[in-house]
Amino acid sequence: MTEHTEDRGHRKDQISESKNSAERKGRGKPKQGEAHYLTKPFPFAVELGFFAGFIWGAIYLLFYVIHFTIVPLGFLAEPFFKHEFVYSMAGHLTGWLFFIAFSILASVLYTFTIRKLKGPFPGMIYGIFWWLIIFVLVGPKVHMVKPQNELTWDSIITEFCFFLLWGLFIGYTVAMEYTDERKREPEKAGA
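Quantities reported herein were computed from a predicted structural model and do not represent experimental measurements. (Residues numbered from 1 in each chain as written. Predicted model: local features only at pLDDT ≥ 70, side-chain atom pairs only at ≥ 80, totals over all residues. Heavy atoms only, no water.)

(A) Looking closely at the side chain of Thr69. Mapped onto the elements of the fold, Thr69 is located in the loop between α2 (41-65) and α3 (83-86). In terms of polar contacts, Thr69 uses its side chain to reach the backbone amide nitrogen of Val71, at 3.2 Å. Side-chain polar atoms of Thr69 contact the side chain of Glu159, separated by 2.6 Å. With residues near it in sequence (within four places) discarded, Thr69 still touches Tyr60, Phe63, Tyr64, Ser155, Thr158 and Glu159. (Helix = DSSP H or I, 4+ residues; strand = E, 2+ residues; numbered from the N terminus. Polar contact = N/O pair within 3.5 Å; in protein donor to acceptor, adjacent residues only side chain to side chain. Contact = heavy atoms within 4.5 Å.)

(B) Geometry of a nonpolar patch on the surface. A surface patch of nonpolar side chains, about 370 Å² in accessible area, is lined by Leu132, Val136, Leu137, Val138 and Val142. Within the secondary structure, Val136 sits in helix α5 (residues 121-137). Classification of Val136 as partly exposed rests on a relative accessible area of 35%. (Patch = residues over 30% accessible without salt bridge, like charges linked within 9 Å, V, L, I, M, F, W, Y side chains within 5 Å. Areas by Shrake-Rupley, 256 points an atom, 1.4 Å probe, with all protein chains shown as cover. Salt bridge = Lys/Arg side-chain N within 4 Å of Asp/Glu carboxyl O. Buried < 20%, exposed > 50% of the residue type's maximum accessible area, 1.4 Å probe, protein only.)

(C) Layout of the confidence of the model for the chain. With 74% of its residues at a pLDDT of 70 or more, the chain has an overall mean of 82. Confidence, expressed as mean pLDDT per element, reaches its minimum in the chain at helix α1 (residues 2-24) with 50 and its maximum at α2 with 96. Note on residues 18-30: pLDDT under 50 across the span, and 7 contacts to partners over four residues away in sequence or across chains. (pLDDT = per-residue confidence, 0-100.)

(D) Inspection of the packing of α2 against helix α6 (residues 153-178) at higher detail. Look at α2 against α6: their axes get within 11 Å of each other, and the N-to-C directions meet at 155°. The angle between the axes of α2 and α6 places the two elements in the roughly antiparallel class. Note on packing geometry: the crossing formed by α2 with α6 is right-handed. Contacts from Pro41, Phe44, Leu48, Phe51, Ala52, Ile55, Trp56, Tyr60 and Phe63 of α2 reach α6 at Thr158, Glu159, Phe162, Leu165, Trp166, Phe169, Ile170, Thr173, Val174, Glu177 and Tyr178. When grouped by side-chain class, the residues that make up the contact of α2 with α6 number 16 nonpolar, 2 polar and 2 charged. (Axes fitted to C-alpha atoms, helices over the stretch in contact; angles between N-to-C directions. Parallel < 35°, antiparallel > 145°, perpendicular 65-115°, else oblique. Left-handed = near helix turned anticlockwise from the far one by under 90°. Nonpolar A, V, L, I, M, F, W, Y, C, P; charged D, E, K, R; others polar.)

So this is what it looks like as structure tokens:
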């Protein structure tokens, strides 16, 4: 019986020695940064957009419920539905779905155009860009939102900050996925 257990221990030592020699020769486990894992942009952008719309849509709904803003979550659905519907519970849920779809579109657009930019600032600028389009340029003209002079200061500040953070969420997530510098660092210091 002791011969059998000694034999197993001897085999384990041989296996670990062969692994170590294979790693020394470069055939073993790849070091961090050597393995190139490419994220497919379209599925990544759709998934990111869905979660951006879902999470930030819930936050927006909370802002509306606690009266930080007078603009309902269904503001994106306003051109397609009656005004009264947008203020109902079904309108809020429909607006949430519209916001998810809008976030998917915005995420795909960001991923395919400026995904290589690093840091948080491109995403923040991207969110401000969408705020300008929706609340200043296009939104009031298509009666999606009221003009700036008819909104309260609380609403204007809340909407601006909301879109800034929403853009930061999308932009920084994309930046971390496609410009991650940790992939280039060695696995151990001195290696």
